[in-house]
Amino acid sequence: LPMSVLNVIDTQTVSGSGTSYIVVKSGVLRCVATSASSISIDGGPAITLVANEALLVSCGKAKNAKIAAATDAAAMVVTAEGYSGGGRHPFSVGDFIQTVDGGDTDGFTSDFETAASAGKKVTAVTGSTITTDYDSSAASADYALSAADATAGNIPQIQRSVKLVAGSANVVVEQVQVVGG
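Asks: What am I meant to see in the pairing of strand E3 (residues 28–32) here?
Replies: On a regular strand, each side chain points to the face opposite its neighbour's, so the side chains alternate between the two faces of the sheet. Burial along E3 is one-sided: Leu-29 and Cys-31 are buried, and none of Val-28, Arg-30 and Val-32, which face the opposite way, are. In this sheet, strand E6 (residues 55–58) lies alongside E3 in antiparallel orientation, the contact comprising four bridges. When the bridges of E6 are listed, Cys-31 appears paired with Leu-55. Bridge count between E3 and strand E14 (residues 171–180): four bridges; the pairing is antiparallel. By the bridge assignment for E14, Cys-31 is matched with Val-173.

Following this line, the structure appears as structure tokens:
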């Protein structure tokens, strides 16, 4: 029989009774606790973890969109690139998010960037826009992707993350990719 291998993409420890966030890349989490505990994803039910027994858990699909514009506002609104012609970005209300500059450091300044660890989320959507609860009002003006940055591939991104809540003991969470099998 062919054997599957788990490639570890990233690892973090969620402290007992603590909260953490992770950007979804593969959608598969390997969770293990040295003492009996549990893990909850995005406010879902607590999944029981037996001491020292790893469990593979799905956390849903990765979601990404390129950012064409972002408002300088108390509730930042992102316009997703490439969805003005009738297509639709993949984000939904309630998704936790992270934004990254994608190499556009002169335009998409740190005032527009929110790490997954901040726990910011989507509050409203249209086919091409994503309203968030992230406060970007410290930025000097709205952001717009320049033609030069688009050509160079320096395009900011919005990415889906998930909220992880541990039970009474620490939980090591590895995001894994299942290869082979």
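On we go.
Asks: Would you mind showing me how to read the sheet that holds E3 here?
Replies: Strand pairing within a sheet occurs via backbone hydrogen bonds; the two strands may be parallel or antiparallel. What the four strands build is an open sheet, ordered E1-E14-E3-E6; its pairing is antiparallel. Here the strands that pair on one side only, and so sit at the sheet edges, are strand E1 (4–14) and E6. Geometrically, the sheet is characterised by an average inter-axis angle of 35° between neighbouring strands, direction not taken into account.

Asks: I keep staring at unusual backbone geometry and nothing clicks. Help me out?
Replies: Glycine aside, negative phi is the norm for most residues, and most peptide bonds take the trans geometry. Its identity as a non-glycine residue notwithstanding, Ser-17 has a phi of 60°, on the positive side. Inspection of the secondary structure assignment puts Ser-17 in the loop between E1 and strand E2 (19–23). Note on Ser-17: relative accessible area 60%, which makes it exposed. Positive phi outside glycine occurs at Asp-42, with the angle close to 50°. In this fold, Asp-42 is placed in the loop between strand E4 (37–41) and strand E5 (47–49).

Asks: What should I look at first to understand the environment of Lys-63 in this one?
Replies: Note that Lys-63 resides in the loop between E6 and strand E7 (64–70). For Lys-63, a relative accessible area of 16% corresponds to the buried category. Distance in space between the C-alpha atoms of Lys-63 and Lys-163 is 15 Å, their sequence separation being 100 residues. Setting aside anything within four residues of it in sequence, one finds Lys-63 in contact with Pro-90, Phe-91, Ser-92, Asp-95, Ile-158, Gln-159 and Arg-160. For Lys-63, the side chain forms a polar contact with the main-chain oxygen of Pro-90, separated by 3.3 Å.

Asks: I keep staring at the nonpolar core and nothing clicks. Help me out?
Replies: Here is a general trend for soluble globular proteins: nonpolar side chains tend to be buried in one another's company. Counting 18 residues, the largest nonpolar core has Ile-67, Ala-70, Phe-91, Phe-112, Tyr-143 and Ile-158 as the members making the most contacts within it. Those elements that place two or more of their residues in this core are E7 and strand E8 (77–80). It is E7 that contributes the most residues to this core, three residues altogether. Not counting chain neighbours up to four residues away, the residues in contact with Tyr-143 comprise Ile-67, Ala-68, Ala-69, Ala-70, Asp-104, Gly-107, Phe-108, Phe-112 and Pro-156.

Asks: Whenever I open this one, the pairing of strand E9 (residues 96–100) confuses me. Can you help?
Replies: Along E9, four of the five residues are buried, which leaves the element largely enclosed by surrounding structure. Note: E9 against strand E13 (residues 157–166), five bridges, orientation antiparallel. From the neighbouring strand, Ile-97 faces E13, where its bridge partner is Arg-160.

Definitions and limits used
Residues numbered from 1 in each chain as written. Predicted model: local features only at pLDDT ≥ 70, side-chain atom pairs only at ≥ 80, totals over all residues. Heavy atoms only, no water. Buried < 20%, exposed > 50% of the residue type's maximum accessible area, 1.4 Å probe, protein only. Helix = DSSP H or I, 4+ residues; strand = E, 2+ residues; numbered from the N terminus. Pairing = 2+ DSSP bridges. Axes fitted to C-alpha atoms, helices over the stretch in contact; angles between N-to-C directions. Contact = heavy atoms within 4.5 Å. Polar contact = N/O pair within 3.5 Å; in protein donor to acceptor, adjacent residues only side chain to side chain. Core = buried A, V, L, I, M, F, W, Y, C linked by side-chain atoms within 4.5 Å.

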